[in-house]
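Next come the chains, spelled out residue by residue.
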Amino acid sequence: NDGMSDTDESIAGTDPLDFQSFLRLDIAHSTNQSINNLSFQSFSNRTYKIQATTNLFTGPWLDVQFNIPGDGTFIILPESNTVNWMFYRLGVETP
């Protein structure tokens, strides 16, 4: 059990019986620190969005990438980093 409900696992496309199967956003900084490469494993028939904030407590969370179609591949998206601290989260929806 990884703490997610079976419904959430179904929406994410992950395996509810495998604790190592979960929705995950990886962030890699470029050498000049002005671009973050955001990456995740996508699943077919799902749409993804990436949101960002500079403050985890008060937000707001703003869409920085949205309507990203899942196709079963590992998706890598560059994102400009214009501030010193940025927090990201990944959302997923099914049609």
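Relevant structure appears above.
Residues numbered from 1 in each chain as written. Predicted model: local features only at pLDDT ≥ 70, side-chain atom pairs only at ≥ 80, totals over all residues. Heavy atoms only, no water.

By size, the foremost hydrophobic cluster in this structure holds 13 residues, and its most contacted members are Leu25, Phe40, Ile50 and Ile68. At the level of secondary structure, the elements contributing two or more residues to this core comprise β2 (35–41), β3 (47–53), β5 (74–80) and β6 (87–93). Setting aside chain neighbours within four positions, we find Ile68 in contact with Phe40, Arg46, Thr47, Tyr48, Lys49, Ile50, Ile75 and Leu77. (Core = buried A, V, L, I, M, F, W, Y, C linked by side-chain atoms within 4.5 Å. Buried < 20%, exposed > 50% of the residue type's maximum accessible area, 1.4 Å probe, protein only. Helix = DSSP H or I, 4+ residues; strand = E, 2+ residues; numbered from the N terminus. Contact = heavy atoms within 4.5 Å.)

Here the focus is the sheet that holds β5. Taken in spatial order, the three strands of this open sheet run β1-β2-β5, and their pairing is antiparallel. For this open sheet the edge positions go to β1 (26–29) and β5, each flanked by a neighbour on one side alone. Each strand of the sheet is rotated relative to its neighbour by a mean of 25°, with strand direction disregarded. Summarising the sheet, β2 and β5 pair through seven bridges and their orientation is antiparallel. Pairing of Ile35 across the sheet is with Ser80, part of β5. (Pairing = 2+ DSSP bridges. Axes fitted to C-alpha atoms, helices over the stretch in contact; angles between N-to-C directions.)

What follows is about the sheet that holds β6. Within the open sheet, the three strands sit side by side as β4-β3-β6. Their pairing is antiparallel. Since the sheet does not close on itself, it has two edges, and those belong to β4 (62–69) and β6, each with one partner. Across the sheet, the mean angle from the axis of one strand to that of its neighbour is 20°, orientation sign disregarded. Pairing analysis gives seven bridges linking β3 to β6, with the strands arranged antiparallel. The residue bridging Ile50 from the neighbouring strand is Leu90, located in β6.

The topology assignment puts Met86 in the loop between β5 and β6. When its relative accessible area of 26% is taken as the criterion, Met86 is described as partly exposed. Excluding residues that lie within four positions of it along the chain, Met86 makes contacts with Ala52, Thr53, Thr54 and Asn81.

Below, the discussion takes up the pairing of β2. Taken together, the four bridges between β1 and β2 define a ladder with antiparallel strand orientation. Each residue of the ladder has a partner; that of Ala28, found in β2, is Asn37.

Counted according to the given criterion, the structure contains one salt bridge. Arg24 is the salt-bridge partner of Asp26, the closest N and O atoms lying 2.6 Å from each other. Taking the relative accessible area as the measure of exposure, Arg24 reaches 46% and is therefore partly exposed. (Salt bridge = Lys/Arg side-chain N within 4 Å of Asp/Glu carboxyl O.)

For the rest of this paragraph, the subject is the side chain of Glu79. In this fold, Glu79 is placed in strand β5. For the buried Glu79, no salt bridge exists, and the shortest N-O distance to an oppositely charged side chain is 14 Å, to Arg89. At 3.5 Å, the side chain of Glu79 forms a polar contact with the side chain of Gln65. Those residues within four positions of Glu79 in sequence are excluded, and the remaining contacts are Ser34, Ile35, Asn36, Leu38, Val64, Gln65 and Tyr88. (Lys, Arg positive; Asp, Glu negative; His and termini not counted. Polar contact = N/O pair within 3.5 Å; in protein donor to acceptor, adjacent residues only side chain to side chain.)

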